[in-house]
Amino acid sequence: MKNLKKVLSLVLALAMALSLMTVAFAADAGDYGDYDDITYNEAVDVMTAIGVFNGVGDGTNFDPDGTLTREQAAKIITYMLLGQEQADTLTTVVAPYSDVAATRWSAGAIAYCTNAGIIAGTGAGTFEPTRAVTGLEFAKMLLVALGYNADQEGLEGSAWAINAASLGVAAGLSENLTAVTLSGALTREEAAQMAFNTEKAVMVNYSTKTEVTTGDGTV
């Protein structure tokens, strides 16, 4: 988590500095041919400037309404944690899931996020890399990246979605998202806004972990 804290500090400083230089700043993401279609401009501006998000295809468009896939979400998380240059060097010699070959472009990121407890498979050893990621799934990934313990915070098991929604809202991950439904498929610009909100969120560090068992046996 030290790397993430360092990256987040640099990103926030960059965002604050760039907010004072609107003309120079706008030239980055403003190069997208569909920039006028973007609603969350500040988020896309910053996430593009620091290399967390890129254009689609040949990079000339951002495709704000395009849906984000599970493997793309994993790649974005590694960019946020490690920086683009280091994240792009991630590889794996073993297929992390039966439907993710070791040679797949996203395999390194998926393996890294799986080992870090940020993502999990969908059952029977599969990951479904091209399936659209939901807002709740992305919120869970971002929360764990921020330091939340998935097991202790109930981000695993049958109640993970409710807990991810509650913690995500409390942490400010859905801030400024006026039309997003966390349970639905996430668009690229909504994901950029959530990632931007995460850059501004407070890192979580547990000084101690205490389990309390209530009278009915609940831990």
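To be clear, the structure that these remarks concern was listed above.
About the thresholds
Residues numbered from 1 in each chain as written. Predicted model: local features only at pLDDT ≥ 70, side-chain atom pairs only at ≥ 80, totals over all residues. Heavy atoms only, no water. Axes fitted to C-alpha atoms, helices over the stretch in contact; angles between N-to-C directions. Helix = DSSP H or I, 4+ residues; strand = E, 2+ residues; numbered from the N terminus. Parallel < 35°, antiparallel > 145°, perpendicular 65-115°, else oblique. Left-handed = near helix turned anticlockwise from the far one by under 90°. Contact = heavy atoms within 4.5 Å. Nonpolar A, V, L, I, M, F, W, Y, C, P; charged D, E, K, R; others polar. Patch = residues over 30% accessible without salt bridge, like charges linked within 9 Å, V, L, I, M, F, W, Y side chains within 5 Å. Areas by Shrake-Rupley, 256 points an atom, 1.4 Å probe, with all protein chains shown as cover. Salt bridge = Lys/Arg side-chain N within 4 Å of Asp/Glu carboxyl O. Lys, Arg positive; Asp, Glu negative; His and termini not counted. Charge placed at Lys NZ, Arg CZ, Asp CG, Glu CD. Buried < 20%, exposed > 50% of the residue type's maximum accessible area, 1.4 Å probe, protein only.

(A) Representation of the packing of helix 4 (residues 70-82) against helix 7 (residues 135-145). Remark: helix 4 packs on helix 7, axes separated minimally by 11 Å, with the N-to-C direction vectors making an angle of 20°. Between helix 4 and helix 7, the angle is such that the two are roughly parallel. Along this stretch, helix 4 crosses helix 7, giving a crossing that reads as right-handed. Facing Arg70, Ala73, Ile76, Ile77, Met80 and Leu81 of helix 4, the residues of helix 7 in contact are Glu137, Phe138, Met141, Leu142 and Ala145. Here the contact of helix 4 with helix 7 is composed, by residue class, of nine nonpolar, no polar and two charged.

(B) Quick look at a negative patch on the surface. Residues Asp36, Asp37, Asp63 and Asp65 make up a contiguous surface patch of negative charge. Counting through the fold element by element, aspartate 65 comes out in the loop between helix 3 (41-49) and helix 4.

(C) Structural detail: the environment of alanine 192. Relative to the assigned elements, alanine 192 resides in helix 9 (residues 188-200). A relative accessible area of 0% places alanine 192 in the buried class. For the pair alanine 192 and valine 46, spaced 146 residues apart in sequence, the C-alpha to C-alpha distance is 8.9 Å. When neighbours within four sequence positions are excluded, alanine 192 is seen to be in contact with Ala43, Val44, Met47, Phe53 and Phe62.

(D) Focus on unusual backbone geometry. Residues other than glycine seldom take positive phi values, yet aspartate 63 does so here, at roughly 60°. Mapped onto the fold, aspartate 63 is located in the loop between helix 3 and helix 4. Phi at asparagine 176 is positive, roughly 70°, even though this residue is not glycine. With a relative accessible area of 48%, asparagine 176 lands in the partly exposed category.

(E) Quick look at the environment of methionine 47. Mapped onto the secondary structure, methionine 47 falls in helix 3. In this structure methionine 47 comes out as buried when scored by relative accessible area, which is 0%. Along the primary structure methionine 47 and methionine 80 are separated by 33 residues, whereas in three dimensions their C-alpha atoms are 9.4 Å apart. Those residues within four positions of methionine 47 in sequence are excluded, and the remaining contacts are Val52, Phe53, Ala192, Ala195, Phe196 and Glu199.

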